Amino acid sequence: MEVVPVVSTDVPSQPPVVAERPRPWRLQSQGYVAVLGGVAAVTAIALMNAARLDVPKRGRALIAGAGLLGLIVDVVLIWDARVSSSTYTVSSVLLVLVVHVSQVAVQRPHDLGAPLLSRGKDHAPMWLAGAVAILGGGALHHLLMTTLAG
């Protein structure tokens, strides 16, 4: 007598549908937010993008720490009466770019397969979030300047 294996004709059940993670924003687009909105704006965008890229907690802490350090240095520059207005402007822009570059360095390893100037379906548009961050960061920066500078 020969043994015949039993083949099931049941269709296996599908795994539960998991909500898809939002597409990340292009890393170089965060530079526009940095220049137009300041340290607070670019840090907020970088932290939201880090969540989209699934950056570990240590990386997110480095992003937040760079933003906080940049904000402290910016406050010191505003508070220092010896710094002229034009010197402060140049120093502030350079400072925010250094913060931005350090935050991008933390995010880049997690943006898999994306070349530096990538465009297309792999990345989401950042228009609304960027505009909100620029307006909020700019308002915070203006408030700091008027409060601390007098």
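What counts as what
- Residues numbered from 1 in each chain as written.
- Predicted model: local features only at pLDDT ≥ 70, side-chain atom pairs only at ≥ 80, totals over all residues.
- Heavy atoms only, no water.
- Helix = DSSP H or I, 4+ residues; strand = E, 2+ residues; numbered from the N terminus.
- Expected span 1.5 Å × (residues − 1).
- Buried < 20%, exposed > 50% of the residue type's maximum accessible area, 1.4 Å probe, protein only.
- Contact = heavy atoms within 4.5 Å.
- pLDDT = per-residue confidence, 0-100.
- Axes fitted to C-alpha atoms, helices over the stretch in contact; angles between N-to-C directions.
- Parallel < 35°, antiparallel > 145°, perpendicular 65-115°, else oblique.
- Nonpolar A, V, L, I, M, F, W, Y, C, P; charged D, E, K, R; others polar.
- Core = buried A, V, L, I, M, F, W, Y, C linked by side-chain atoms within 4.5 Å.

Caption draft 1: Helix 4 (residues 85-107), seen in detail. Compared with an ideal rise of 1.5 Å per residue, which puts 23 residues at 33 Å, helix 4 spans 33 Å between its outermost C-alpha atoms and is within 8% of the ideal. Every buried residue belonging to helix 4 is among Tyr88, Ser92, Leu95, Val96, Val99, His100, Gln103, Val104, Val106 and Gln107, and all of these are buried. Considering only its buried residues, helix 4 is in contact with helix 1 (30-37), helix 2 (39-53), helix 3 (57-79) and helix 5 (127-149).

Caption draft 2: Spatial organisation of the confidence of the model for the protein chain. Looking at the protein chain as a whole, its pLDDT mean stands at 85, while 81% of the residues score no less than 70. Taken element by element, the predicted model of the protein chain shows its lowest mean pLDDT in helix 5 (89) and its highest in helix 2 (96).

Caption draft 3: Summary view of the packing of helix 3 against helix 4. Direction vectors running N to C along helix 3 and helix 4 enclose 175°, while the axes themselves pass 9 Å from each other. Considering the angle they form, helix 3 stands roughly antiparallel to helix 4. Where helix 3 approaches helix 4, its residues Gly59, Leu62, Ile63, Ala66, Gly67, Gly70, Val73, Asp74, Leu77 and Ile78 are matched on the opposing element by Tyr88, Ser91, Ser92, Leu95, Val99, Ser102, Gln103, Val106 and Gln107. Each residue belonging to the contact of helix 3 with helix 4 can be placed in one class, and the counts come to 10 nonpolar, 8 polar and 1 charged.

Caption draft 4: Structural detail: the nonpolar core. Counting 8 residues, the largest nonpolar core consists of Leu27, Ala46, Ala50, Leu53, Val55, Ile63, Val104 and Val106. Where this core is concerned, the elements lending two or more residues are helix 2 and helix 4. Of the residues forming this core, the biggest block, 3 residues, is contributed by helix 2. For Leu53, the contacting residues outside a window of four places in its chain are Pro24, Leu27, Gln107, His110 and Asp111. Core analysis: the second largest hydrophobic core is formed by 7 residues, Trp25, Val33, Ala41 and Met126 among them.

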